[in-house]
Amino acid sequence: GAVVSQHPSWVICKSGTSVKIECRSLDFQATTMFWYRQFPKQSLMLMATSNEGSKATYEQGVEKDKFLINHASLTLSTLTVTSAHPEDSSFYICSAARRLAGGGGPYNEQFFGPGTRLTVL
Amino acid sequence: AQKITQTQPGMFVQEKEAVTLDCTYDTSDQSYGLFWYKQPSSGEMIFLIYQGSYDEQNATEGRYSLNFQKARKSANLVISASQLGDSAMYFCAMRGLTGYNKLIFGAGTRLAVHP
């Protein structure tokens, strides 16, 4: 299957600082990338959908000025948590969507990165 | 709006036994896809199985099978011959035609396999 990487895998930062998380599709071009947040013992909550070269679409309740998403190329999307606070501590997971082989069907395949654990002190 | 419901927060199963993890869904889309993912303690999301809404046969992938009952809007995961390594969180997810095919996840079920 296709490979998606995230960097860093974990990060600890002080309150008030900004943290950037990278999501890369290593062996395919991603038409769309998604960012999820997962609190301990909870499900994945979609934060935003990111398309290359256009503004991200944020889910209801997600502050776009706090969680900045940049999708500069078909293989890279970044999530920046600005002025992080302890309540932003969470597991952040990205996924990248690739068109199905042959372009048939309405769906894309989606591949997940390994996640980034953010701890804000 | 789309919704996925997993009513079992936790399940126990004896090694080598079969176990069924429940999932019901709600959507107004005529065409949609249903997925099951496994998340071990490491946090990675491992794709297990996929069922399209127009697929007439239940999907199977090795020890995993999806019991798809469209009229009841259920998509239960059946794991046969459980192994200790199956202990993990399991998430049911749905994808529709709108919203760039985004996935909506259920709350998850934690499965513990006992020797």
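Residues numbered from 1 in each chain as written. Chains lettered and ligands numbered in written order. Predicted model: local features only at pLDDT ≥ 70, side-chain atom pairs only at ≥ 80, totals over all residues. Heavy atoms only, no water.

(A) Up close: the pattern of salt bridges. Within the structure shown, the criterion is met by five salt bridges over all chains. Between R24 of chain A and E22 of chain A there is a salt bridge; the shortest N-O distance is 3.5 Å. Judged by its relative accessible area of 24%, E22 of chain A is partly exposed. With its nearest N and O atoms 2.8 Å apart, the salt bridge here joins D86 of chain B to R63 of chain B. You can see D86 of chain B sitting in the loop between strand 9 (74-79) and strand 10 (88-95) and its partner R63 of chain B sitting in the loop between strand 7 (60-61) and strand 8 (64-69), a full 23 residues away along the chain. Look at R63 of chain B and you get partly exposed, because its relative accessible area is 22%. (Salt bridge = Lys/Arg side-chain N within 4 Å of Asp/Glu carboxyl O. Buried < 20%, exposed > 50% of the residue type's maximum accessible area, 1.4 Å probe, protein only. Helix = DSSP H or I, 4+ residues; strand = E, 2+ residues; numbered from the N terminus.)

(B) Region of the structure containing the interface of chain A and chain B. Listed as interface residues are 21 residues of chain A and, on the opposing side, 22 residues of chain B. Where chain A abuts chain B, roughly 1,700 Å² becomes buried across the two surfaces, and 53% of that area is made up of carbon and sulfur atoms. Remark: the boundary between chain A and chain B carries one salt bridge. Where K102 of chain B meets E59 of chain A, a salt bridge forms, and the shortest distance between an N and an O atom there is 3.0 Å. Our enumeration of links across chain A and chain B arrives at three residue pairs in polar contact (both at pLDDT 80 or more). Going through the elements one at a time, strand 4 (32-38), strand 5 (45-51), strand 9 (90-99) and strand 10 (108-112) of chain A are the ones with two or more residues in the side of chain A that touches chain B. (Contact = heavy atoms within 4.5 Å. Buried area = accessible area lost by both parts, 1.4 Å probe. Polar contact = N/O pair within 3.5 Å; in protein donor to acceptor, adjacent residues only side chain to side chain.)

(C) Up close: the side chain of D29 of chain B. Relative to the helices and strands, D29 of chain B is located in the loop between strand 4 (24-26) and strand 5 (33-39). A distance of 3.0 Å separates the side chain of D29 of chain B from the side chain of Q2 of chain B, its partner in a polar contact.

(D) Up close: the layout of surface pockets. Of the pockets and cavities examined, the second largest pocket occupies roughly 230 Å³. Surrounding the second largest pocket, 14 residues form its lining, Q38, K41 and R117 of chain A together with Q39 and R110 of chain B being those nearest its centre. Among the residues forming the lining of the second largest pocket, the class breakdown is six nonpolar, five polar and three charged. (1 Å grid on protein atoms, 1.4 Å probe; cavity = no way out; pocket = protein on both sides within 12 Å on 5 of 7 lines; lining within 4 Å. Points joined across faces, edges and corners; volume = space filled by probe spheres on them. Nonpolar A, V, L, I, M, F, W, Y, C, P; charged D, E, K, R; others polar.)

(E) Representation of the pairing of strand 1 (residues 4-7) of chain A within the structure. Residue and element names in this part refer to chain A. Along strand 1, the buried face is formed by V4 and Q6; none of S5 and H7, which line the opposite face, is buried. Note: strand 1 against strand 3 (residues 19-25), four bridges, orientation antiparallel. In the sheet register, V4 faces strand 3, and the bridge partner there is S25. (Pairing = 2+ DSSP bridges.)

(F) Expanded view of the state of the cysteines. Per the stated rule, a full pass over the model turns up two disulfides over all chains. Through a disulfide, C23 of chain A is tied to C94 of chain A; the S-S separation comes to 2.0 Å. Taking the sign of the S-S torsion, 80° for the link of C23 of chain A and C94 of chain A, the bridge is right-handed. Here C23 of chain A, found in strand 3, pairs with C94 of chain A, found in strand 9; they are 71 residues apart in sequence, far enough to count as distant. Side by side, C23 of chain A and C94 of chain A carry an identical accessibility label, which is buried. Note on cysteine connectivity: C23 of chain B is disulfide-linked to C92 of chain B, with sulfurs 2.0 Å apart. Residues C23 of chain B and C92 of chain B are joined through a disulfide that is left-handed, its torsion about the S-S bond being -60°. (Disulfide = S-S within 2.5 Å.)

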